[in-house]
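Letter by letter, the chains look like this.
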Amino acid sequence: MLALALALACSGSLAAGIGKAAPFDPGQAGFQVRYKDETSPYKMNAVFLMPGEVLRLEVPGEDTGAFSLEYVDGDAGVDTSWMISAQGPRSWWWHAPDSAGLYTLEVLRAGGDTVRFNAFVMVPSGEMKSGYLRGYHIGDYPPPIKKTEFYLAPKGFIKVDAEAAQAYVSPHFRLSQFICKQAPDLPAFLVLRERLLLKLEILLAKANEAGFACSTFHVMSGYRTPFYNRLIGNVKLSAHQFGGAADIFIDNDPEDGNMDDLNGDGKSDQGDADMLIALLDALSRNETFIPYLGGMGRYDKTPNHGPFVHVDVRGFRAFW
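Residues numbered from 1 in each chain as written. Predicted model: local features only at pLDDT ≥ 70, side-chain atom pairs only at ≥ 80, totals over all residues. Heavy atoms only, no water.

Q: Could you give an account of helix H3 (residues 194–209), naming the residues involved and the relevant values?
A: Compared with an ideal rise of 1.5 Å per residue, which puts 16 residues at 22 Å, H3 spans 23 Å between its outermost C-alpha atoms and is within 8% of the ideal. Of all 16 residues making up H3, 12 are buried, and the element is well covered by its neighbours. Every buried residue belonging to H3 is among Glu 194, Leu 196, Leu 197, Leu 198, Lys 199, Leu 200, Glu 201, Leu 203, Leu 204, Ala 205, Ala 207 and Asn 208, and all of these are buried. (Helix = DSSP H or I, 4+ residues; strand = E, 2+ residues; numbered from the N terminus. Expected span 1.5 Å × (residues − 1). Buried < 20%, exposed > 50% of the residue type's maximum accessible area, 1.4 Å probe, protein only.)

Have a look at this one:
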């Protein structure tokens, strides 16, 4: 089934005509920006930092254009010049404030594109008391049993209020799509990894190339607190708890909370999840995709949900 789905997805033979969305814009700029351990070609990005952390931003390559970094969140009358230190014509340090919140930066190329970063300064995990962070139930993280940084308890949590929820964290995803499902009210707290967002953007572009018209993925489950993860009976070291996983499906035609009929057989089932998994599997065999390796699982519909695909960035290939 997977081999057939891969062949059909790559050819786009069954995908032709699915969806009526406008032509897909991948949201890429004319230059890339390197930050933390990532390199992004996108015009919109997110970065998650601890209070007072110093972030280095750099335009790699041999581009001779004139670049600058600007802080654009801008409270009137507040001196923000101390936040930015130029390290060269295409390299800067940004000094995150001590206060948690959403701050906006832009890397500008003179006469050209702008690359924006929504910088979320997190609330330190040290503020947690008895599994609660400012009244929000996080629970206790399991001790890491795998020798990888991915499974370490987070150092901080992103505070999600009404403004932050609507903020874009990449060209096609908002922060609100990754909030834990345990409570409907804001504020909430979550963990999210920059690498997961980049992986989702790559997969979304590939899905549109294959003919599956969609402006974003429906994120059925993003972050899960350890409390909620135990509540729903998930595995102890679920990647969702570490901000590195998303359960997704294409919901564009019609937008009804269920996976679209991607393989054209007139129904929504695991065969449609297979189509999406096939694209992800093909990407995972490309050398340039190595940084984004992780788990991928396909799930059939149940009385509680439709078919979906799990993706994560645990750092090694896993398939189910």
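Q: Break down the packing of aromatic side chains for me, citing the residues and quoting the values.
A: Evaluation of the coordinates by the stated rule reveals 16 aromatic pairs. Relative to Phe 217, the ring of Phe 173 lies with its centre 6.3 Å away and its plane at 40 degrees, an arrangement referred to as tilted. One end of the pair, Phe 173, is in strand E15 (residues 173–174); the other, Phe 217, is in the loop between H3 and strand E17 (218–221), with 44 residues separating them in the sequence. Relative to Tyr 292, the ring of Phe 289 lies with its centre 5.5 Å away and its plane at 45 degrees, an arrangement referred to as tilted. (Phe/Tyr/Trp six-rings, centres within 6.5 Å; stacked < 30°, edge-to-face > 60°.)

Q: Explain the sheet that holds strand E10 (residues 123–124) to me, and be specific about the residues and the numbers.
A: Read from one edge to the other, the open sheet built from three strands follows the order E10-E13-E16, with strand pairing classed as antiparallel. Edge strands, defined here as strands with exactly one partner in the open sheet, are E10 and strand E16 (188–190). Examined bridge by bridge, strand E13 (residues 156–160) and E16 share three bridges and lie antiparallel to one another. Pairing of Ile 158 across the sheet is with Leu 190, part of E16. (Pairing = 2+ DSSP bridges.)

Q: Hey, could you go over the nonpolar core for me, with residue numbers and the actual values?
A: Note that soluble globular proteins tend to have their nonpolar side chains buried in a common cluster. The biggest cluster of nonpolar side chains holds 92 residues, and the ones touching the most others in it are Phe 120, Phe 178, Phe 217 and Ile 248. Beyond its immediate stretch of four places on either side in the chain, Phe 120 contacts Ala 46, Val 47, Phe 48, Leu 49, Gly 101, Leu 102, Ile 158, Ala 164, Ala 167, Val 169 and Leu 175. (Core = buried A, V, L, I, M, F, W, Y, C linked by side-chain atoms within 4.5 Å. Contact = heavy atoms within 4.5 Å.)

Q: Go over the layout of surface pockets with me, naming the residues and quoting the values.
A: Its volume calculated, the largest pocket comes out at about 760 Å³. Surrounding the largest pocket, 30 residues form its lining, Lys 36, Glu 149, Leu 192, Arg 193 and Glu 194 being those nearest its centre. When residues of the lining of the largest pocket are traced back to their parent elements, those giving at least two are strand E4 (54–58) and H3. Per-element accounting of the lining of the largest pocket gives the leading share, three residues, to E4. (1 Å grid on protein atoms, 1.4 Å probe; cavity = no way out; pocket = protein on both sides within 12 Å on 5 of 7 lines; lining within 4 Å. Points joined across faces, edges and corners; volume = space filled by probe spheres on them.)

Q: Lay out the pattern of salt bridges in plain terms, naming residues and giving numbers.
A: All told, the structure shown has 13 salt bridges when counted by the stated rule. Note that Arg 34 is salt-bridged to Glu 58, the shortest N-O span being 3.4 Å. Of the two residues, Arg 34 sits in strand E1 (residues 28–35) while Glu 58 sits in strand E4, which places them 24 residues apart along the sequence. Given a relative accessible area of 36%, Arg 34 falls into the partly exposed group. Ionic pairing is found between Arg 116 and Glu 106, a salt bridge with its closest N-O pair at 2.5 Å. Of the two residues, Arg 116 is situated in strand E9 (residues 114–121) and Glu 106 in strand E8 (residues 101–109); the sequence distance between them amounts to 10 residues. Taking relative accessible area as the criterion, Glu 106 reaches 14% and is therefore assigned buried. Through salt bridges with shared partners, one network takes in Asp 281, Arg 285 and Arg 317. (Salt bridge = Lys/Arg side-chain N within 4 Å of Asp/Glu carboxyl O.)

All quantities given are derived from atomic positions and should not be read as evidence of function.
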